[in-house]
Amino acid sequence: MNQRNWIRWPDSFSDNRKSKIQNLKWGGIVAIAVAFATCGAVAQAQQPGKVPRIGFLGNSTAALEANLIGPFREGLRDLGYIEGRSIHIEWRWAEGKYERFPALIAELIAANIDVIVTAGTPASLAVKKATTSIPLVMIAVGDPVGTGLIASLAHPGGNVTGLTSIAADLEGKRLELLREVVPTLSHVAVFWNPASPFQVVSEKEVQAAAQLLRIKVLSLGVQAQEQFDNAFAAIRR
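Owing to the predicted nature of the structure, the values given are computational and were not obtained by experimental measurement. (Residues numbered from 1 in each chain as written. Predicted model: local features only at pLDDT ≥ 70, side-chain atom pairs only at ≥ 80, totals over all residues. Heavy atoms only, no water.)

S.K.: Give me the lowdown on the packing of helix H5 (residues 170–181) against helix H6 (residues 197–213), citing residues and values where you can.
M.R.: In contact at an axis separation of 8 Å, H5 and H6 are set at 45 degrees when each is read in the N-to-C sense. Here H5 lies oblique to H6, going by the angle between them. With respect to the hand of their crossing, H5 and H6 are arranged in right-handed fashion. Contacts from Glu 171, Gly 172, Leu 175, Glu 176 and Arg 179 in H5 reach Ser 202, Glu 205, Val 206, Ala 209, Ala 210 and Leu 213 in H6. Along the lines of polarity and charge, the residues of the contact of H5 with H6 split into five nonpolar, two polar and four charged. (Axes fitted to C-alpha atoms, helices over the stretch in contact; angles between N-to-C directions. Helix = DSSP H or I, 4+ residues; strand = E, 2+ residues; numbered from the N terminus. Parallel < 35°, antiparallel > 145°, perpendicular 65-115°, else oblique. Left-handed = near helix turned anticlockwise from the far one by under 90°. Contact = heavy atoms within 4.5 Å. Nonpolar A, V, L, I, M, F, W, Y, C, P; charged D, E, K, R; others polar.)

So this is what it looks like as structure tokens:
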């Protein structure tokens, strides 16, 4: 008889040692990309004494994305860019309210930034829609090709560059690993954000893998904290 199990997993795990090491690598690589972008912008403007201005746009809050902004700042310092002295950073946070993106991006553009750095797929898509002239450097983005951010990994095109760290097709493998850990696994609850294009794709991958593995999925789309109580109530039923 199959055991009834409800298992949920988050979109990413950033509190383990491996993720912290990887974040440091991302920070250095993204800082290099930003350095090239800002140097190009300053040279194009023919203002040798100009202090480069970076706009950083995050999906959530500075506290929740500290694992990204810490290494990013370190990477800039390693290249000789000191915030407040040789480089200026305008920080903007959507706090999970993606409808705020247009206004936040407008603020960054009005601040005459030279390059925009985004953390997450929703922020990156919003910037791409808002401007095609300001360089965009993205980090922590899932499936940039599938979500329409770039044409291909080899030739992204347009004003977009950066890093992708997550692949939606790995969701099926994660489900397989859960079945290996719990052989009697028959039911899985999945939390996902319907406002995130990447997580929409990921949820479909979970459903496809679950069908092959004959696992029933309780799909729970949540966008705000107040929706979690109803989601957990659905799990308990």
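S.K.: So what's going on with unusual backbone geometry? Residues and values would help.
M.R.: A negative phi angle is the norm for most residues apart from glycine, just as the trans form is the norm for most peptide bonds. Despite not being glycine, Glu 95 has its phi angle at roughly 55 degrees, a positive value. Residue placement: Glu 95 occurs in the loop between strand S2 (88–93) and helix H3 (101–110).

S.K.: Tell me about the pairing of strand S1 (residues 53–58), residues and numbers included.
M.R.: Of all six residues that make up S1, five are buried, and the element is covered over most of its length. Pairing between S1 and S2: six bridges, direction parallel. The residue bridging Phe 56 from the neighbouring strand is Trp 91, located in S2. The sheet contact formed by S1 and strand S3 (residues 115–119) spans five bridges and is parallel. Paired with Phe 56 across the two strands is Val 117, which belongs to S3. (Buried < 20%, exposed > 50% of the residue type's maximum accessible area, 1.4 Å probe, protein only. Pairing = 2+ DSSP bridges.)

S.K.: Lay out the environment of Pro 52 in plain terms, naming residues and giving numbers.
M.R.: When you line up the elements, Pro 52 lands in the loop between helix H1 (17–45) and S1. A residue is classified by how much of its surface remains accessible, and Pro 52, at 9% relative accessible area, is buried. For the pair Pro 52 and Asp 114, spaced 62 residues apart in sequence, the C-alpha to C-alpha distance is 6.5 Å.

S.K.: Any details on the packing of aromatic side chains? Residues and values, ideally.
M.R.: When we look at a pair of aromatic rings, we describe it by the centre distance and by the angle of the planes. In the structure shown here, the tally under the stated rule is eight aromatic pairs. Ring geometry for Phe 56 versus Trp 91: centroids 4.9 Å apart, planes at 45 degrees, classification tilted. With a gap of 35 residues between them, Phe 56 in strand S1 and Trp 91 in strand S2 connect regions that are remote in the sequence. An identical accessibility class is assigned to Phe 56 and Trp 91; each is buried. (Phe/Tyr/Trp six-rings, centres within 6.5 Å; stacked < 30°, edge-to-face > 60°.)

S.K.: How would you explain the confidence of the model for the protein chain if you had to name every residue and give the values?
M.R.: For the protein chain, mean pLDDT is 78; residues scoring 70 or higher make up 77% of the total. Element-level mean pLDDT values for the protein chain span from 49 in H1 up to 97 in H3. Between residues 1–26, whose pLDDT stays under 50, and residues either more than four places distant or in other chains, the model counts 51 contacts. Per-residue pLDDT stays below 50 along residues 41–46; that stretch engages in four contacts with residues further than four places along the chain or on separate chains. (pLDDT = per-residue confidence, 0-100.)

S.K.: Give me the lowdown on helix H7 (residues 228–236), citing residues and values where you can.
M.R.: Looking at H7, one finds that the buried residues are Ala 231, Ala 234 and Ile 235. All buried residues of H7 fall inside an arc of 100 degrees around its axis, so they share one side. In this structure, H7 carries Asp 229, Asn 230 and Arg 236 as exposed residues pointing more than 90 degrees from its buried face. (Arc of directions from axis to C-beta.)

S.K.: A description of the nonpolar core should follow, citing residues and the corresponding values.
M.R.: Ranked by internal contacts, the top residues of the largest apolar core, which has 19 residues, are Leu 57, Phe 101, Ile 105, Ile 113, Ile 116, Val 127 and Met 138. The greatest single-element share of this core, amounting to four residues, is contributed by H3. Dropping the residues within four chain positions of it, Ile 116 is found in contact with Gly 55, Leu 108, Val 127, Ile 134, Pro 135, Leu 136 and Val 137. Core analysis: the second largest hydrophobic core is formed by 16 residues, Phe 72, Ile 87, Val 115 and Ile 139 among them. (Core = buried A, V, L, I, M, F, W, Y, C linked by side-chain atoms within 4.5 Å.)

S.K.: Account for the pattern of salt bridges, naming residues and giving values.
M.R.: Counted according to the given criterion, the structure contains six salt bridges. The salt bridge involving Lys 173 is made with Glu 176; its shortest N-O contact spans 3.2 Å. Taken together, the residues span about one helical turn, with Lys 173 and Glu 176 both in helix H5 at a distance of three residues. Accessibility expressed as a relative area gives 45% for Lys 173, which makes it partly exposed. Judged by relative accessible area, which is 34%, Glu 176 ranks as partly exposed. One connected set of salt bridges, linked through shared partners, spans Arg 53, Glu 90, Arg 92 and Glu 107. (Salt bridge = Lys/Arg side-chain N within 4 Å of Asp/Glu carboxyl O.)

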